[in-house]
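Letter by letter, the chains look like this.
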Amino acid sequence: MSYDFDLFVIGAGSGGIATARRAAEYGARVGIAEYDRLGGTCVNRGCVPKKLMVYASHFPDVFEEAQGYGWSAVQSSLNWETMITAVNNEVDRLNGIYQKMLDGSKVELFRSHAKFVDPHTIDLGDQKVTADKVLIAVGGKPFLPNILGIEHAITSDDIFHLKEQPKRMVILGGGYIGCEFACILNGMGTEVTQIIRGDRILRGFDEDIRSEIQQGMINHGINIIKGVQLIAIEKSEHGVVVSVGAGDTADTVIADAVSLAAVGRKPNTHNLGLENTGVKCRDGAVLVDEYSHTFEENIYAVGDCTNKINLTPVAINEGRAFADTVFGGIPRVMSYENVPTAVFTTPEAATVGLTEAEAKEKYGDDLKIFYTRFRPMYYTLAGKDEKTMMKLIVHASSDKVIGAHMVGPSAAEIVQGVAIALKTGATKANFDATVGIHPSSAEEFVTMRSPVR
Ligand code: NDP
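Attention here is on the structure that accompanies the text. Predicted, not measured: the structure shown is a model, and the values here were computed from it. (Residues numbered from 1 in each chain as written. Predicted model: local features only at pLDDT ≥ 70, side-chain atom pairs only at ≥ 80, totals over all residues. Heavy atoms only, no water.)

## Considerations on the nonpolar core
Filter applied, for reference: Residues enter a nonpolar core if they are buried and are Ala, Val, Leu, Ile, Met, Phe, Trp, Tyr or Cys, with the set joined through side-chain atoms within 4.5 Å. With a 1.4 Å probe rolled over the protein chains alone, any residue whose accessible area is under 20% of its type maximum counts as buried; one over 50% counts as exposed, and the rest are partly exposed. Only DSSP runs of H or I covering at least 4 residues are called helices, and only runs of E covering at least 2 are called strands; the numbering of each starts at the N terminus. In what follows, a contact means two residues having at least one pair of non-hydrogen atoms within 4.5 Å.
Counting 61 residues, the largest nonpolar core has M53, I159, M217, F431 and F445 as its most contacted members. Of all the elements, helix α11 (residues 411–423) adds the most residues to this core, at eight residues. Apart from residues no more than four positions distant in its own chain, F431 is found in contact with L392, V401, V418, A421, L422, A426, F445 and V446. If you look at the next biggest cluster of nonpolar residues, it comprises 23 residues, including V9, A28, L135 and A323.

Have a look at this one:
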């Protein structure tokens, strides 16, 4: 049977576009459908505009710190509209680049919502196309908890389009998104209250990292309310009133105009016609094997819609591994070991490998933990008591470094390099034999000598 396409990709986000282009490079006839802007969450509503806003949020601190170096005080205020416009203009520019990349790679783009009619046939609204293989790369979307008045909350998708800077913002959730936006808005001068149901932010990260970031965020002025459940959100003449409760007690927090719900994301797999295929899902996430293969013979899925590790570079790697395997004749799988990640809070954090708790579960007491906490040189003249923290987890018998964690300026830039060492199986002796770059914070990763436990 002949098909219109060798591969049809549903969703032109980071994973979908990378896969489409790689398959086309191998000579496959590729189509891709996207009803929204090109680039998906990362480019339009995630990593890129978020990071630009992180940069914007750092200037007040820098202006203050400059005075310790002899610069006169700076009187400056943020024009929110100018900042948001600049951020969105950059997103537009990137959309254009994605369009050019697709044009240049001869991938045919359909500006439509795609739905399976059967495993090989896709309904695009005004036409149907057929494909030998189909890749689902539809990403995820914010999840809104079922509480009274949730319609008064915005999600991280909306924050990039707020017309005015909120004076007071309540943020629900202590994950990546909640913490990053708490820090962004706080840095820009918004009074931020963050509500978490546990006792600490960023569940899943190393405990020392969680404590260090949380204390750093509090030191920077964020009010974190811990151990409470969300009860309701109401609109009042004073703003948005968020009611929270712990046990029998209830309390309220007032936000200016909006509260941000950042309590997780869900795979975007509804209304795809998956019931017309053999694809199986759990909690909305497409079930795949190590080759990104679904339960349907010709259908594959990558990225956030599979809800494995929801990071852009992971989606891209999964997609390219699929294209190499199926269209390039180079069978390979994505490796989920030692995937580094960063949280762009203030202070910033980055991590690769096992947390101490994970390492303990795997290796018991056969571990050595190296830990350092110091004031980076930059803050000495700036007169601030900001701290950087680094931690290495070493498997004692083999001497292999199995976890590296950092909180402090440039953590993402530094840990990216350390991740190469972990990926290649570096030992603590290899770290010790590496000459440090002096003076830098990064050199501490190769100069920690005595284990703390
Ligand atoms: P996360 O899963 O990281 O965090 C969700 C947070 O919401 C947790 O603190 C959780 O609390 C809390 N929560 C969940 N349900 C409820 C509820 N019913 N009531 C109150 N609190 C609740 O989700 P995010 O939305 O922050 O981020 C989604 C994903 O996006 C991340 O996992 C990450 O993969 C990706 N991302 C990556 C970034 C990066 O690389 N820098 C940046 C942003 C997003 P608890 O801990 O108690 O469960």
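## Brief notes about a nonpolar patch on the surface
The following threshold applies: Note on patches: the residues involved have over 30% relative accessible area and no salt bridge, like charges join within 9 Å, and the nonpolar side chains Val, Leu, Ile, Met, Phe, Trp and Tyr join within 5 Å. Residue-level accessible areas treat just the shown protein chains as cover; the underlying method is Shrake-Rupley with a 1.4 Å probe. Think of a salt bridge as a Lys or Arg side-chain nitrogen and an Asp or Glu carboxyl oxygen that are within 4 Å of each other.
A cluster of nonpolar residues, V62, Y69, W71, Y378 and L381, forms a patch on the protein surface that exposes about 540 Å² of accessible area. The residue L381 is located in helix α10 (residues 378–382) in this model.

## Section: the site of the ligand
This is how it is decided: Distances are taken per atom, and a residue is near a molecule or strand as soon as one of its heavy atoms is within 4 Å of it. By the criterion applied in these results, polar contacts are pairs of N or O atoms within 3.5 Å in which, for protein atoms, one can donate a hydrogen and the other can accept it, and in which residues neighboring in sequence qualify only through two side-chain atoms. Residues are grouped as follows: Ala, Val, Leu, Ile, Met, Phe, Trp, Tyr, Cys and Pro are nonpolar; Asp, Glu, Lys and Arg are charged; every other residue, Gly included, is polar.
With respect to spatial proximity, 18 residues lie near the ligand, and among them G174, I177, R203, N310 and A342 are the closest. Here a nitrogen atom of the ligand and a backbone polar atom of A342 are 2.9 Å apart. Those elements that provide at least two residues to the shell around the ligand are α6 (176–187) and β20 (341–343). The element best represented in the shell around the ligand is α6, accounting for three residues. Looking at the shell around the ligand, its residues break down into seven nonpolar, six polar and five charged.

## Side note on the packing of helix α3 (residues 47–66) against helix α4 (residues 80–104)
Working note: a packed helix pair is described by the angle between its axes plus the distance between those axes. The criterion, for reference: For every element, the axis is a line fit to its C-alpha atoms; helices are fit only across the contacting stretch, and the angle between N-to-C directions ranges from 0 to 180 degrees. For a crossing to be left-handed, the near helix must be turned anticlockwise from the far one by less than a right angle; the clockwise case is right-handed.
Relative orientation of the contacting elements α3 and α4 amounts to 145°, with a least axis distance of 10 Å. In the crossing of α3 with α4, the sense of the turn from one axis to the other is right-handed. In this structure, α3 contributes V48, P49, L52, M53 and A56 to the contact, and α4 contributes W80, M83, I84, V87, E90, V91 and L94. Tallied by class, the residues present in the contact of α3 with α4 amount to eleven nonpolar, no polar and one charged.

## Here we look at the pattern of salt bridges
Should their charged atoms come close, side chains of opposite charge can pair. The tally for this structure, following the rule as stated, stands at 24 salt bridges. Residue K133 is joined to D132 by a salt bridge in which the shortest nitrogen-to-oxygen separation is 3.5 Å. Classification of K133 as buried rests on a relative accessible area of 16%. The partly exposed category is assigned to D132, whose relative accessible area is 28%.

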